[in-house]
Amino acid sequence: MAEATMRAALAAADAEIARRSPEVSRGPRRLRYHLMPATGWMNDPNGFVQFRGEFHLFFQFWPFGAEHGTMHWGHAISPDLVHWRTAPTALAPSEEYDYGESSASYGCYSGSAVVVEDELVLMYTGHVYEREPMQTQCLAVSEDGLTFHKHPANPVIPGPPAGGGIDFRDPKVVEHGGQRYAVVGASARGRGRALLYRGGDDITEWTYVGALAESTGPEGTMWECPDLFPLGDRCVLLVSPMHGVLNTAPFVQVGDLDTESGRFTAAQTQVLDGGIDFYAPQTMVDAAGRRILVAWMQQWHQRNVTAVEGWAGAMTVPRELTLVEGRVRQRPVVELEALRGEPTHLAPRVLEGETLDAESGIAADVRIVLGGGTARAARIGVRASVDRGEQTVFVIDRAEGRVVCDRSLSGVGDATGSVIDVDLGSDPIELRLLLDACSVELFVNDGVAAMTHRIYPAESSTGLFIEPIGSGTLEVLECTIWPMASAFEVAPG
Ligand code: FRU
């Protein structure tokens, strides 16, 4: 096939965006400040990079329906990590290594971006279910950061190393000690692994070094979307694990990389986000040296509530990562605060047998600081209806050292909740909640723990409350609510 095939497919994708996006932008559940597709389906973030001063975020994209299809790469560009504009669709299946005649399972699967001599290079997985090998690693190059050409040398990594399974995808190009590597997700003998390739002088040259790290069993049967990056004085390996057909919570291993042997030694493993709707995170380093992460704010096999509005899937807010005492912390990038409106400050108080009630609206940034008190735990509700028939509840349990999210009354989506273990100590507990039209991200104690969920309450459910659980007191030292402005334009109706 030829370049013309891809150009035609991209033109069709962009025509679909032009046709459908005005209506999608007016949907009641459209997110106000989280990136979502202009139309259709979005999953993994891909190719997150800064190029000529702007942030580029690509993503797994199917414009023609709100379900996973033959995967394209969608593209959004931002000057500030907050305001994103839709760029022309970057990649569409067109070649024998990413296009299948006889099945619907093919496409340009996940990958990453790297700037090489002022050109923007994408490395992605060509996936064709009925092909052998099923998955290969490929390149696409752009001079202007908008129009990409698949490389004539594709596939540049023509298949998995000997002894590996057929799953072989999601290349992340990384740099370590001035040397370029690619980390690729794989599986061997039923265990997830991350493979390391050393890059040559030419971007098309990749030499297999070995398996960087491997699941011992409990960490999953297939590792998707691996990433590897320095943080503080350590090296961090990030993977999104599958257990059979189930995708579960991404985790990081903090450790050290021996580039000679290509082995990564983990000192500590940490689930990155205790919520359900957080998957396939990818990081980049910006010009200021910050390590910034974005994840798909959804998970496989969840109820796809927004499909009726013509879209599905979104991104978390960009989060800055830091390493504190050997653990990874994540906090929303500071740029997001530009969307904050006039805050409401609730006066500090001690609650006993009573509830503090407030209004958050649909999109808000909320900061709550809880002091001591004699109550067993605290309950915080968001997106609550007046009668509390709808509410998303967080239980902050200092005694048990955990935070629980209960979505059983969260609206029409999945009712499953989640729990994260976190040592809340005896100091005040600081909570940050980012509420958007159908999502809530919680950050505990400046990013020691995070929890991300999609929720689908009625538009009128905008209550926020804080109360002690059981008898005793709960000290609320601060509750500040900033309404969040929309970061996106809505088409006139
Ligand atoms: C992870 C994933 C990747 C794959 C992509 C396909 O969510 O399954 O492993 O490349 O999605 O859309």
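Criteria and cut-off values
The written sequence of each chain sets the order in which its residues are numbered from 1. Local features in a predicted model are, by the rule used here, given only for residues with pLDDT of at least 70; side-chain atom pairs are given and counted only at 80 or more, and totals for whole chains, interfaces and linings are based on all residues. Side-chain measures here rest on the full set of heavy atoms in the structure, leaving out hydrogens and waters. What makes a salt bridge here is a side-chain nitrogen of Lys or Arg within 4 Å of a carboxyl oxygen of Asp or Glu, nothing more. Only DSSP runs of H or I covering at least 4 residues are called helices, and only runs of E covering at least 2 are called strands; the numbering of each starts at the N terminus. The cut-offs for exposure are 20% and 50% of the maximum accessible area for each residue type, with area from a 1.4 Å probe on protein chains only; residues under the lower value are buried, those over the upper are exposed, and the others partly exposed. Residues enter a nonpolar core if they are buried and are Ala, Val, Leu, Ile, Met, Phe, Trp, Tyr or Cys, with the set joined through side-chain atoms within 4.5 Å. Residues count as neighbours in contact if any of their non-hydrogen atoms are within 4.5 Å of one another. Consider each residue's heavy atoms; a residue with any of them within 4 Å of a molecule or strand counts as near. Whenever a nitrogen or oxygen atom comes within 3.5 Å of another N or O atom, the pair is scored as a polar contact, on the condition that within protein one atom can donate a hydrogen and the other can accept it, and that pairs from neighbouring residues in sequence are kept only if both atoms are in side chains. Residue exposure ignores everything except the shown protein chains as possible cover, and the areas themselves are Shrake-Rupley values with a 1.4 Å probe. One requirement defines pairing of two strands: DSSP has to find at least two bridges between them.

Caption draft 1: Representation of the pattern of salt bridges. Enumeration over the complete set of coordinates arrives at 24 salt bridges. In this structure, the salt-bridge partner of E335 is R290, at a minimum N-O distance of 2.7 Å. Here E335 is found in the loop between β22 (327-332) and β23 (344-346), whereas its partner R290 is found in the loop between β18 (279-285) and β19 (291-296), with 45 residues between them in sequence. Take E335: its relative accessible area is 22%, and that puts it in the partly exposed class. A single salt-bridge network, built from bridges that share partners, covers E337, R340, D365 and R432.

Caption draft 2: Region of the structure containing the nonpolar core. Ranked by size, the top nonpolar core spans 34 residues in total, and within it I368, L370, F394, I396, L431, L433 and I466 carry the most contacts. Sequence-distant contacts of I466, that is, excluding residues within four places in its chain, are made with L351, E354, T355, L356, I368, L370, R379, I380, L474, V476 and C479.

Caption draft 3: Local environment of the site of the ligand. Close to the ligand lie N43, D44, Q60, H68, M71, Y109, S110, R169, D170, E224, Y279 and W300, which account for all nearby residues. With respect to the ligand, the side chain of H68 contributes an N or O atom lying 2.7 Å from an oxygen atom. Surface burial for the ligand is 96%, taken as the share of its 320 Å² of free accessible area covered by protein chains. When contributions to the shell around the ligand are tallied by element, the ones reaching two or more residues are β1 (40-51), β5 (106-116) and β9 (168-176).

Caption draft 4: Expanded view of the sheet that holds β5. Ordered in space as β5-β6-β7-β8, the four strands form an open sheet in which the pairing is antiparallel. Of all strands in the sheet, those with a lone pairing partner are β5 and β8 (149-150), marking the two edges. Where strand β6 (residues 119-128) meets strand β7 (residues 135-142), eight bridges bridge the pair, whose relative direction is antiparallel. Opposite H127, over in β7, you have Q135 as the bridge partner.

Caption draft 5: Structural context of the pairing of β7. Within β7, eight of the eight residues are buried, leaving the element largely enclosed by the surrounding structure. Of the two faces of β7, both are covered, the one formed by Q135, Q137, L139 and V141 as well as the one formed by T136, C138, A140 and S142. Between β6 and β7, which pair antiparallel one after the other, the connecting turn spans six residues. Pairing of β7 with β8 involves two bridges; the strand directions are antiparallel. Considered in β8, the bridge of V141 is made with H149. Joining the antiparallel neighbours β7 and β8 is a turn of six residues, in which G145 adopts a positive phi near 80°.

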